[in-house]
Amino acid sequence: MSIILDKTIWASPKEYRYQEEYTSGELRSTGFYGYGCYEVEMKPVAHPGVTTAFFTFSGPNDSPDGAPRLHNEINIQFLGKDMKSFQTRYWTNDDASDGHDATTIQLDYQANKEFHKYGFKWSESSIEWYVDRKLVHTSKGSAAYPIPNPNDTTHRIMMNTWPTDDTNEFKELGHPLTAKYRNFIFGSGQDCKIGESKALESSTDEKSTSIGIWMGGSMLPTISTTDVSISLNEVITLCFVLLLVSYMYSTYIKGSVCARKASLKVQMMTPKRPKDAIHVV
């Protein structure tokens with residue numbers, strides 16, 4: 001699965017309500033989930049000012065029953081300026097953590113160069129974060145920043161990338177930027193173990209989930225974990241090629257076939273001269 005960040009090309013305000021200069025996609029699970037093991041393989045975007053994330057979320061405008069909820073989130077996010085680290089973070093009932101719960105995890109590789117496994121285990125007593133199924137950080141919460149509780153609200157599973165530009169780092173793209181995800185895994189319950197669940201298929205029960213693209217207030221069909229990426233320029237090129245092929249068919253191939261048929265018809269209608277006919281002068 002690929003999420004592409006590119007220049008906005010919408011033609012009118014009716015097509016895109018926010019009128020931002022850049023747009024991107026977001027993937028959300030169709031259901032909401034609680035304690036369990038969450039894992040995905042990903043390659044984040046390496047570009048200053050761009051954030052690539054894998055996380056769970058519930059908030060005021062997005063909750064299981066549609067009722068207003070406080071902000072709850074468990075997060076893995078990469079900052080595009082540094083591909084040798086990522087941040088872990090969580091929010092519980094809209095607490096004003098101000099980054100006090102954020103932890104930077106150092107890596108011994110460039111995260112955008114190849115796929116690696118990133119995940120976390122959410123339980124009542126702690127949140128554990130993993131890289132390639134090795135524990136790298138544990139948070140047991142505190143009175144000020146308690147661990148999120150699914151009794152308050154369960155969470156969607158989400159993946160997205162966007163330009164933050166918090167410190168004026170984001171510069172002109174010049175070309176689309178792509179974050180890639182594959183092989184998402186979810187294991188339900190506090191007894192789950194990272195790496196022991198199976199990759200999910202489309203389902204409606206809590207032990208497996210379907211990941212769909214949520215855009216413009218509507219859910220598009222479920223997509224698989226096949227790594228597929230196509231940019232706007234590629235779409236335009238493909239459309240041009242299809243139009244060219246269609247034109248060539250209608251102008252040359254189809255025209256030649258019609259002309260051939262017409263020629264045969266004329267030949268069939270023209271009477272042949274008998275072999276023994278005598279020409280009289």
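Cut-offs applied
Residues numbered from 1 in each chain as written. Predicted model: local features only at pLDDT ≥ 70, side-chain atom pairs only at ≥ 80, totals over all residues. Heavy atoms only, no water. Helix = DSSP H or I, 4+ residues; strand = E, 2+ residues; numbered from the N terminus. Buried < 20%, exposed > 50% of the residue type's maximum accessible area, 1.4 Å probe, protein only. Contact = heavy atoms within 4.5 Å. Pairing = 2+ DSSP bridges. Disulfide = S-S within 2.5 Å. Salt bridge = Lys/Arg side-chain N within 4 Å of Asp/Glu carboxyl O.

### A word on the side chain of Thr51
With respect to the helices and strands, Thr51 occurs in strand β5 (residues 50–58). With a relative accessible area of 3%, Thr51 lands in the buried category. Leaving out residues up to four positions away in the same chain, Thr51 has contacts with Gln77, Phe78, Leu79, Asn160, Thr161, Trp162 and Thr164.

### With respect to the sheet that holds strand β11 (residues 134–139)
The seven strands are arranged β2-β1-β13-β4-β9-β10-β11 in an open sheet whose pairing can be described as antiparallel. With one partner strand each, in any of the chains shown, β2 (22–23) and β11 form the two edges of the open sheet. Two elements, strand β9 (residues 116–122) and strand β10 (residues 127–131), share five bridges in a ladder whose sense is antiparallel. Bridge pairing in β10 links Trp122 to Ile127.

### Here we look at the state of the cysteines
Summed over the entire model, instances satisfying the criterion amount to one disulfide. Bridging Cys37 to Cys192, the disulfide has an S-S length of 2.0 Å. Torsion about the S-S bond of the Cys37 and Cys192 cystine: about 85°, corresponding to right-handed handedness. Remark: Cys192 occurs in the loop between β13 (177–188) and β14 (211–215) and Cys37 occurs in strand β4 (residues 36–43); sequence separation between them is 155 residues. Taking relative accessible area as the criterion, Cys192 reaches 8% and is therefore assigned buried.

### Topic: the environment of Lys84
Along the polypeptide, Lys84 turns up in the loop between β6 (72–79) and β7 (85–91). Residue Lys84 is classed as partly exposed on the basis of its relative accessible area of 36%. Taking C-alpha positions, Lys84 is 9.0 Å from Asn112, a pair spaced 28 residues apart along the chain. If we ignore the near neighbours within four places in the chain, the residues touching Lys84 are Ile105, Gln106, Leu107, Asp108, Tyr109 and Gln110.

### Notes on the pattern of salt bridges
Oppositely charged side chains can pair when the atoms bearing their charge come close. Here the structure, examined in full by the defined rule, presents seven salt bridges. The partner of Glu26 in a salt bridge is Arg28, and the shortest N-O contact between them spans 2.5 Å. Taken individually, Glu26 and Arg28 each receive the classification buried, so the pair is uniform in this respect. Between Asp62 and Arg156 there is a salt bridge, with its nearest N and O atoms 2.9 Å apart. Of this pair, Asp62 sits in the loop between β5 and β6 while Arg156 sits in strand β12 (residues 156–163), placing them 94 residues apart in sequence. Both residues of the pair, Asp62 and Arg156, count as buried. The network of salt bridges with shared partners includes Glu26, Arg28, Asp62 and Arg156.

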